[in-house]
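Listed here are the chains, written in short residue letters.
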Amino acid sequence: MQYWLMKTEPDECSIDDFANNPSDVIRWDGVRNYQARNFMRNMHIGDEVFIYHSSCAKIGVVGIVRVTRTAYPDPAQFDANSPYFDSKSTKEKPRWDAIDLQFVRKFPQVISLDKLKSLPELAENPLVRKGNRLSVVPYTKAERDAILALV
DNA sequence: GCCAACGTTGGC
DNA sequence: GCCAACGTTGGC
């Protein structure tokens, strides 16, 4: 079991999209950063993923989902009508991957970025580093447990 | 809306 | 392979 965190703008996809349909499997697509993609390729079925809401009123970790399908070519990269279309991507050599996720739990309140920054366990984590733009971040169990202790 | 930090692109 | 220009991210 590995632990991850994935960022999303709640306007695009929020923890409520998972919580409102807990039996649904939701495709996590549109990742267009190589480092983030490579992390996605390392995910396994059952891995736990924190959902983080960014660029919104209540920034922070809002809940947990789990991986139900490992990395596969993101269909959006082939769709000329999609904002995630990539003209340099081919079916033979796809550039970008998606994974599937399913709801696990929503926290009663958002664990704010301020609180995350206050955790000594997270001091080295890219999430709380200024200028960090990585949308998929791996977590150690110690980091994950420190966050869960704030729920 | 601002802007610092970062990743990507493309000319050389 | 360097690096300036550019576009994007994301907190404030």
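Residues numbered from 1 in each chain as written. Chains lettered and ligands numbered in written order. Predicted model: local features only at pLDDT ≥ 70, side-chain atom pairs only at ≥ 80, totals over all residues. Heavy atoms only, no water.

S.K.: Where do I start with the sheet that holds strand β5 (residues 97–112) in this structure?
M.R.: Backbone hydrogen bonds are what pair the strands of a sheet, in a parallel or an antiparallel way. Reading across from one edge, β2-β5-β4-β3-β1-β6 is the order of the 6 strands in this open sheet, with mixed pairing throughout. Every other strand in the sheet has two partners, leaving β2 (25–28) and β6 (136–139) as the edge strands with one partner each. Neighbour to neighbour, the strand axes of the sheet diverge by 40° on average, direction disregarded. Both strand β4 (residues 60–73) and β5 contribute to a ladder of 10 bridges, which runs antiparallel. Each bridged residue has a counterpart across the sheet, and for V61 the counterpart in β5 is I111. Here helix α2 (residues 34–41) sits on the sheet in contact with β1 (3–8), β2, β4, β5 and β6, set at roughly 95° to β5. Along the sheet, helix α4 (residues 141–148) contacts β1, β3 (48–53), β4, β5 and β6; its crossing angle with β6, the most-contacted strand, is approximately 100°. (Pairing = 2+ DSSP bridges. Helix = DSSP H or I, 4+ residues; strand = E, 2+ residues; numbered from the N terminus. Axes fitted to C-alpha atoms, helices over the stretch in contact; angles between N-to-C directions. Contact = heavy atoms within 4.5 Å.)

S.K.: Help me understand the UniProt feature "domain: EVE" (unreviewed entry) in chain A in this model?
M.R.: As annotated by UniProt and renumbered to match this structure, "domain: EVE" (unreviewed entry) occupies residues 2–149. A distance of 18 Å separates the end C-alpha atoms of residues 2–149, which is 18% helix and 34% strand. (UniProt positions renumbered as here; feature names shortened; annotations may be inferred.)

S.K.: In this structure, what is going on with the packing of aromatic side chains? I would like to understand it.
M.R.: In this description, a pair of aromatic rings is defined by centroid distance and the angle of the planes. Per the counting criterion, the structure on display carries 5 aromatic pairs. Geometrically, the ring pair formed by Y34 and W96 is tilted, given 4.7 Å between the ring centres and 35° between the ring planes. Remark: W96 occurs in the loop between β4 and β5 and Y34 occurs in helix α2; sequence separation between them is 62 residues. Given a relative accessible area of 42%, Y34 falls into the partly exposed group. Look at W96 and you get buried, because its relative accessible area is 4%. Ring pairing ties together the aromatic residues F50, F107 and Y139, which thus form one cluster. Seen from the ring of Y72, R69 lies directly overhead, with NZ or CZ sitting 3.5 Å from the centre. It is K91 that lies over the ring of F78; its NZ or CZ is 4.9 Å from the centre. (Phe/Tyr/Trp six-rings, centres within 6.5 Å; stacked < 30°, edge-to-face > 60°. Buried < 20%, exposed > 50% of the residue type's maximum accessible area, 1.4 Å probe, protein only. Lys NZ or Arg CZ within 6 Å of the ring centre and 35° of its normal.)

S.K.: Please clarify how the layout of surface pockets should be interpreted in this entry.
M.R.: One way to see where empty space is left: roll a probe the size of a water molecule over the atoms. When its volume is computed, the largest pocket comes out at roughly 570 Å³. Residue lining of the largest pocket: 17 residues in total, with K7, T8, G30, Y84 and S135 positioned closest to the centre. Elements supplying a minimum of two residues to the lining of the largest pocket: β1 and β2. Taken together, the residues that form the lining of the largest pocket break down as 5 nonpolar, 5 polar and 7 charged. (1 Å grid on protein atoms, 1.4 Å probe; cavity = no way out; pocket = protein on both sides within 12 Å on 5 of 7 lines; lining within 4 Å. Points joined across faces, edges and corners; volume = space filled by probe spheres on them. Nonpolar A, V, L, I, M, F, W, Y, C, P; charged D, E, K, R; others polar.)

S.K.: What exactly am I supposed to notice about the protein's contact with DNA strand B here?
M.R.: Lining the immediate surroundings of DNA strand B are N33, Y34, K130, G131 and R133. For DNA strand B, the backbone portion of the atoms within 4 Å of the protein, that is sugar and phosphate, comes to 65%. When its residues are assigned to classes, the surface near DNA strand B shows 1 nonpolar, 2 polar and 2 charged. (Near = heavy atom within 4 Å.)

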